[in-house]
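# Structural description and commentary
Each chain is listed here by its residues.
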Amino acid sequence: MTNEQMLEKISQIKVVPVVVFNSIEEVLPKMTALVKGGLPCAEITFRTECAAEAIKLAANNFPEALIGAGTVINRNQCEQAIVAGAKFIVSPGFSAEVADCCAEHGMLYLPGIVTPTEAMAAIAKGLTTLKFFPASNYGGVKTIKAICSAFPYIKIMPTGGISAENIMEYLAYDKIIACGGSWMMKGTPEEIEQKTRQVVELVNGK
Ligand code: 3PG
């Protein structure tokens with residue numbers, strides 16, 4: 001799959017679950033809940049020791065799913081994520097070394113930005129689909145619209161403070177390809193599946 005096709009898939013799914021695995025035992029039950037709920041996608045964050053192992057397990061068991069790595073802040077993590085089978089890389093901010101590593105591997109990279117200066121740093125590396133994080137703290141859709149007016153060719157994936165209550169406000173803006181969030185990941189696998197199904201129905205207008 002090309003990076004363009006990957007972005008197209010993300011924009012069809014519309015929701016990217018941001019997942020923190022505290023132990024490897026959580027991976028299969030929670031990933032199964034997401035897939036059963038209708039979201040075969042996860043941004044597995046490098047906030048815990050088992051991130052790379054979790055990506056590998058998820059990628060091996062759900063080959064059709066879009067398994068990416070999140071909170072990737074340096075080349076070392078980026079390489080670990082790629083070796084583990086991540087299909088895309090996300091950072092909370094912009095990292096030139098992660099951008100270079102992804103470019104070398106032909107890997108899709110969505111760096112985080114909140115300011116025009118950060119957007120310019122990403123654009124200078126040829127990156128035009130950007131994570132806006134933490135979205136609600138930095139003015140949500142209003143700020144995203146102001147930034148996109150200066151850079152009309154960029155697309156945004158906001159994350160941070162998004163939930164079933166406000167996701168439709170974000171998705172109503174056509175520069176927003178999808179929203180990231182962790183709200184559906186709280187609770188038991190049954191609860192995750194239920195919250196996932198609810199948001200899938202919501203974003204698909206059911
Ligand atoms: C992220 O890294 O994208 C955020 O931690 C997700 O934010 P949320 O927990 O507010 O959804």
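Summarised in this report is the structure supplied together with it. Note that the structure is predicted; figures quoted are calculated from it, not measured.

### Re the nonpolar core
- The biggest cluster of nonpolar side chains holds 77 residues, and the ones touching the most others in it are Met31, Ile55, Ile89 and Ile167.
- The residues touching Ile89, leaving out its near neighbours within four places in the chain, are Ala69, Val72, Cys78, Ala81, Ile82, Val98, Cys102, Met107, Leu108, Tyr109 and Leu110.

### What to know about the sheet that holds strand S8 (residues 155–158)
- Strands sit in the order S6-S7-S8 across an open sheet of three strands; the sheet is parallel. The open sheet has two edge strands, strand S6 (112–113) and S8, and neither has a second partner.
- Inspection of the sheet shows strand S7 (residues 129–132) paired to S8 by four bridges, in the parallel sense. Bridge assignment links Phe132 to a residue of S8, and that residue is Pro158.

### Considering unusual backbone geometry
- Cis geometry marks the peptide bond from Phe133 to Pro134, where omega comes out at -10 degrees.
- In this structure, Pro134 sits in the loop between S7 and helix H7 (140–150).
- Of note in the backbone geometry, Lys14 takes a positive phi value of approximately 75 degrees without being a glycine.
- By secondary structure assignment, the location of Lys14 is in the loop between helix H1 (3–13) and strand S1 (15–19).
- Assessed through its relative accessible area of 24%, Lys14 is described here as partly exposed.
- Even without being a glycine, Thr71 presents a positive backbone phi close to 50 degrees.
- With respect to the helices, strands and loops of the structure, Thr71 is situated in the loop between strand S3 (66–70) and helix H4 (75–84).
- Since its relative accessible area comes to 15%, Thr71 is described here as buried.

Each value, and the rule that gives it
Note that residues are indexed from 1 along each chain, following the sequence as it is written. Only residues with pLDDT of 70 or above have their local features reported here, since the model is predicted, and side-chain atom pairs are shown and tallied only from 80 upward, although totals for entire chains, interfaces and linings are computed over all residues. Values reported for side chains reflect all heavy atoms of the structure, with hydrogen atoms and water molecules removed beforehand. In this text, buried Ala, Val, Leu, Ile, Met, Phe, Trp, Tyr and Cys residues form a nonpolar core when linked through side-chain atoms within 4.5 Å. Relative accessibility decides the category of a residue: with a 1.4 Å probe and only protein chains considered, values under 20% of the type maximum give buried, values over 50% give exposed, and everything between is partly exposed. Whether two residues are in contact is decided by their heavy atoms: any pair within 4.5 Å suffices. If DSSP finds at least two bridges between two strands, the strands pair. Counting from the N terminus, the helices are DSSP H or I runs at least four residues long and the strands are E runs at least two residues long.

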